[in-house]
Amino acid sequence: MNRTQGAAITAVALALLFAGGAVTVASADRDEAPATPVSASADAGFARDMAVHHQQAVEMSFIVRDRTKDEAVRRLAYDIANTQANQRGMMLGWLDLWGLPKNESGVEPMAWMGMGGSGDTGPLDGALMPGMATKSQIEELRAASGREAEVLYLKLMTAHHRGGVHMAEGCVQKCAVGAERALAQGMVDAQKSEMLLMADMLKERGA
């Protein structure tokens, strides 16, 4: 073996050693996040709260589909109900996988974000988190029909999405599980797009 070949082999060995060290460091960084989130974590809090938030969006969407014949509104309602029901199933599935309760007694909604008791009109009327409709508003939607139902749904869902985006952005910043952060970012992007669509639909209806 000549001197040039020896130097080349030494360089390769040093490169492999450095790469191995880099992988070790990267693995150590990932290991800082717990393998299973604890009940008080942002991951668990977001999954619980957003599952509740999504359930109301699904409920309102099914209500308006029965209260109007407008195809644009019915199509939007179907898309929202289908998407959010699927996402809700994912979040509840994660809680099962982590062995955590779906409801945590004594913990206020949004506590994982440093908030709590953030309902628009207080929990007594059902608005547990930002953007959620009150029980009175849900009943008003049930009683409406035609254009009135369409406008009310679009306004309620716009507020609902605004609150949902705020929560999802919180998870993007605070959640440790990569898949959950990715889901939250997807919610932010999709719901912002739907808010723009709903603004146009409200304008078309003179609202």
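Below you will find a few notes about this structure. The model shown is predicted, which means the values in this text are computed figures rather than measured ones.

## Section: the overall build of the protein
- When you go through the protein residue by residue, the secondary structure sums to six helices and zero strands.
- Going residue by residue from the N terminus, the α and β elements of the protein occur as α-α-α-α-α-α.
- When the 207 residues of the protein are sorted by exposure, 41% land in the buried category.
- Sequence separation of at least 24 residues holds for 71% of the intrachain contacts in the protein that already meet a minimum separation of 6.
- When the accessible surface of the protein is summed, it comes to about 11200 Å², and 57% of that surface belongs to carbon and sulfur atoms.

## Quick word on the state of the cysteines
- Within the structure shown, the criterion is met by one disulfide.
- Across the disulfide from Cys-171 sits Cys-175; the S-S distance is 2.2 Å. Disulfide Cys-171 to Cys-175: torsion about the S-S bond roughly -120°, handedness left-handed. Each of the two residues, Cys-171 as well as Cys-175, counts as buried.

## Considering the packing of helix α2 (residues 42-65) against helix α4 (residues 135-143)
- Orientation of α2 relative to α4, taken along the N-to-C sense of each, is 20°, at an axis distance of 9 Å. One way to sum up the angle between α2 and α4 is to call them roughly parallel. Crossing geometry of α2 relative to α4 is assigned as left-handed. Facing Gln-56, Glu-59, Met-60 and Ile-63 of α2, the residues of α4 in contact are Ile-138, Leu-141 and Arg-142.
- Here the residues of the contact of α2 with α4 sort into four nonpolar, one polar and two charged.

## Brief notes about the packing of helix α3 (residues 71-98) against helix α6 (residues 178-204)
- α6 packs onto α3 with a crossing angle of 165° between their chain directions and a minimal axis gap of 12 Å. One element, α3, and the other, α6, form an angle in the roughly antiparallel class. The two elements α3 and α6 meet at a crossing, and its hand is left-handed. Contacts from Ala-72, Val-73, Leu-76, Ile-80, Gln-84, Gln-87, Met-90, Met-91, Trp-94 and Trp-98 in α3 reach Ala-179, Glu-180, Leu-183, Met-187, Gln-191, Glu-194, Leu-197, Met-198 and Met-201 in α6.
- Residues that form the contact of α3 with α6 fall into these classes: 14 nonpolar, three polar and two charged.

Conventions we followed
Residues numbered from 1 in each chain as written. Predicted model: local features only at pLDDT ≥ 70, side-chain atom pairs only at ≥ 80, totals over all residues. Heavy atoms only, no water. Helix = DSSP H or I, 4+ residues; strand = E, 2+ residues; numbered from the N terminus. Buried < 20%, exposed > 50% of the residue type's maximum accessible area, 1.4 Å probe, protein only. Contact = heavy atoms within 4.5 Å. Areas by Shrake-Rupley, 256 points an atom, 1.4 Å probe, with all protein chains shown as cover. Disulfide = S-S within 2.5 Å. Axes fitted to C-alpha atoms, helices over the stretch in contact; angles between N-to-C directions. Parallel < 35°, antiparallel > 145°, perpendicular 65-115°, else oblique. Left-handed = near helix turned anticlockwise from the far one by under 90°. Nonpolar A, V, L, I, M, F, W, Y, C, P; charged D, E, K, R; others polar.

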